[in-house]
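# Topology and contacts: notes
In case you want the letters, here they are:
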Amino acid sequence: MFSYCTDPDTLSGLTWLSCYLTTGKHMALYGSFGTVLLLLAITAPTALALGFVGASAARSHIAPLSWLGKFYIAIVRGVPDIAFFLFFVIALDQGIEYLRHKLRCPDWSEPIRQGNDFVVCSAAKMPLSSAPQWLHEVYGFGLAVVTFAIVFGAFAANVLFGAMRAVPRAQIETAEAYGMSRRQAFWRVLVPQMWIYALPGLSNLWMVLIKATPLLFLLGVEDIVYWARELGGAKTARFTSYPHPDWRMWYFLALLVFYLAFTRVSEVALERLTRRLSRGQATAAGEALRKAATT
């Protein structure tokens, strides 16, 4: 904070506002934008990888593997996102602590389930109560990333499964007629061509993922929604050097602008990617590009 901000009562106008917007909590708000971007940067490729594995399993000729892939797609897509987010985080957290409890406290005689309480020994807590704050935050963020990746991986698997089936069967048959094995036809013919069919669905999924990032707030991560609500609420001089009325509308308006700008940038990038992948493809977009090049 600036040196002249030591006595906010003597400040006025833009000087007061500049001091107010550079407090420690506001720095945490600005840093939380990085948390959202980091979540997207990690979750998107992880969910895409899970989706590819799920789609490949669903179209497998091995029956149990195909059942497993289709079950993964159906069970996650059939449960409301908010219910799955809240359930899976609790289940995963308690599952980790349960395993640690069995390993670290074998002599524990009390029941773990005590009514509505889940009680394990202190050595099994994840993370430990003596761990630094940053470790608690990283652990919570890690649980959020795993949950996001599993949920959106199922949606990606459904999109990719449909894209694999959209590639003309004649392409695969031709590759096999030229002597390619089933695996070679999959990696050299099917996978390169499926992306143009998958991109519209993946584009929509990316937009949904962006809009789902406020769920971090429900998972206990101090994201931009948490800080907007915390800083925007009415503050009195008893609790802060910068008292103000309820300003949540302005904070959430800033979040609105951020998300609109981010989605607009994403739309432009995805549109350019679609044009690039459409070149040479036997699709309506590919035909349009060929006609434009010849005229």
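In this report, the structure presented in the accompanying data block is examined. (Residues numbered from 1 in each chain as written. Predicted model: local features only at pLDDT ≥ 70, side-chain atom pairs only at ≥ 80, totals over all residues. Heavy atoms only, no water.)

### Looking at the overall build of the chain
Filter applied, for reference: Here a helix means four or more residues in a row that DSSP labels H or I, a strand means two or more in a row labelled E, and each is numbered from the N terminus. For this measure, only C-alpha atoms enter the radius of gyration; the expected value for a globule follows 2.2 Å times N^0.38, where N is the number of residues. Remark: exposure states derive from per-residue accessible area (1.4 Å probe, protein chains only) relative to the maximum for the residue type, with buried under 20%, exposed over 50%, and partly exposed in between. Whether two residues are in contact is decided by their heavy atoms, any of which lying within 4.5 Å being enough.
Across its full length, the chain holds 10 helices and 2 strands. Secondary structure elements in the chain, listed N-terminal to C-terminal, are α-α-α-α-β-β-α-α-α-α-α-α. Against the 2.2 N^0.38 benchmark of 19 Å for 295 residues, the chain shows a C-alpha radius of gyration of 25 Å, more extended than a compact globule. Out of the 295 residues belonging to the chain, those deemed buried represent 37%. Contacts in the chain between residues far apart in sequence, at least 24 positions, make up 65% of those at least 6 positions apart.

### So, the state of the cysteines
The cut-off we apply is this: In this description, the term disulfide denotes a pair of cysteine sulfurs within 2.5 Å.
Within this structure, the stated rule accounts for 1 disulfide. Here Cys 105 connects covalently by a disulfide to Cys 121, the sulfurs 1.8 Å from one another. One quick way to see it: the torsion about the S-S bond of Cys 105 and Cys 121 is about 85°, and its sign makes the bridge right-handed. Placement of the pair is Cys 105 in the loop between α4 (81–104) and β1 (113–114) and Cys 121 in the loop between β2 (117–118) and α5 (133–166), with a sequence separation of 16 residues. This pair shows no difference in class: Cys 105 is buried, exactly as Cys 121 is.

### Focus: a nonpolar patch on the surface
Which entries qualify depends on this criterion: To count toward a patch, a residue needs a relative accessible area over 30% and no salt bridge; like charges are then connected within 9 Å, while nonpolar side chains (Val, Leu, Ile, Met, Phe, Trp, Tyr) are connected within 5 Å. Using a 1.4 Å probe, the Shrake-Rupley method yields the accessible areas, and only the shown protein chains count as cover for residues. Between Lys or Arg on one side and Asp or Glu on the other, a salt bridge is scored when a side-chain nitrogen of the former is within 4 Å of a carboxyl oxygen of the latter.
A contiguous nonpolar patch, built from Met 249, Trp 250, Leu 253, Leu 256, Val 257 and Leu 260 and spanning about 650 Å² of accessible area, is present on the exposed surface. In this structure, Met 249 sits in helix α9 (residues 248–278).

### Re the packing of helix α3 (residues 63–77) against α5
Note the threshold: As a rule, the C-alpha atoms of each element are fitted with a line to give its axis, helices using only the stretch in contact, and angles between N-to-C directions run from 0 to 180 degrees. The cut-offs work like this: below 35 degrees is roughly parallel, past 145 is roughly antiparallel, 65 to 115 is roughly perpendicular, and the gaps in between are oblique. Handedness of a crossing is defined here by the sense of rotation of the near helix relative to the far one, left-handed for an anticlockwise turn of less than a right angle and right-handed for a clockwise turn. For this classification, the nonpolar set comprises Ala, Val, Leu, Ile, Met, Phe, Trp, Tyr, Cys and Pro, the charged set comprises Asp, Glu, Lys and Arg, and every other residue, Gly included, is treated as polar.
Contact geometry for α3 and α5: axes closest at 9 Å, N-to-C directions at 120°. Classified by the interaxial angle, the pair formed by α3 and α5 is oblique. Of the two possible hands of crossing, α3 and α5 adopt the one that is left-handed. Of α5, the residues touching α3 (which contributes Lys 70, Tyr 72, Ile 73, Val 76 and Arg 77) are Ala 149, Ile 150, Val 151, Gly 153, Ala 154, Phe 155, Ala 157, Asn 158 and Phe 161. Of the residues assigned to the contact of α3 with α5, the class counts are 10 nonpolar, 2 polar and 2 charged.

### A word on the environment of Thr 274
Put simply, the rule is: Distance and chemistry together define a polar contact, namely a pair of N or O atoms within 3.5 Å, with one atom able to donate a hydrogen and the other to accept it when in protein, and with adjacent residues in sequence counting only for side-chain atoms on both sides.
In this fold, Thr 274 is placed in helix α9. A relative accessible area of 29% means that Thr 274 is categorised as partly exposed. Not counting residues up to four positions away in its chain, the partners in contact with Thr 274 are Ile 196 and Leu 199. Only 2.8 Å separates the side chain of Thr 274 from the backbone oxygen of Leu 270, close enough to count as a polar contact.

### With respect to the packing of aromatic side chains
Our working rule: Pairs were defined over the aromatic rings of Phe, Tyr and Trp, the Trp ring being its six-membered one, requiring ring centres within 6.5 Å. Orientation was assigned from the angle between planes: stacked under 30 degrees, edge-to-face over 60, tilted for the rest.
Tallied over the entire structure, the rule returns 11 aromatic pairs. With centroids separated by 4.8 Å and ring planes inclined at 80°, the aromatic side chains of Phe 33 and Phe 258 adopt a geometry described as edge-to-face. With Phe 33 in helix α2 (residues 24–58) and Phe 258 in helix α9, this residue pair connects regions lying 225 residues apart in the sequence. Summarising the aromatic geometry, the rings of Phe 258 and Phe 262 are spaced 6.0 Å apart at their centres and angled 25° between planes, so their arrangement reads as stacked. Highlighted residues: Phe 258 and Phe 262, both in helix α9, separated by 4 residues, approximately one helical turn.

### Looking at the nonpolar core
Among soluble globular proteins, nonpolar side chains are generally buried collectively. The condition that has to hold: Remark: nonpolar core denotes a set of buried residues (Ala, Val, Leu, Ile, Met, Phe, Trp, Tyr, Cys) joined through side-chain atoms within 4.5 Å.
By size, the foremost hydrophobic cluster in this structure holds 66 residues, and its most contacted members are Phe 148, Phe 152 and Met 194. Element by element, the count of residues in this core is highest for α5, at 15 residues. Residues in contact with Phe 152, not counting those within four places in the same chain, are Ala 47, Phe 85, Leu 205, Val 208, Leu 209 and Ala 212.

### Quick word on the side chain of Gln 193
Position of Gln 193 among the secondary structure elements: in helix α7 (residues 182–212). Judged by its relative accessible area of 15%, Gln 193 is buried. One polar contact links the side chain of Gln 193 to the main-chain carbonyl oxygen of Val 189, over a distance of 3.4 Å.

### Overview of α9
The α-helix advances 3.6 residues per turn, and as a result positions three or four apart in sequence lie on the same side. The criterion, for reference: The span one expects for a helix is its residue count, reduced by one, times 1.5 Å.
Counted at 1.5 Å a residue, the expected span for α9 with its 31 residues is 45 Å, and the 44 Å between its end C-alpha atoms agrees. Taken as a whole, α9 has its buried residues at Tyr 251, Leu 255, Phe 258, Tyr 259, Phe 262, Thr 263, Ser 266, Leu 270 and Ser 278.

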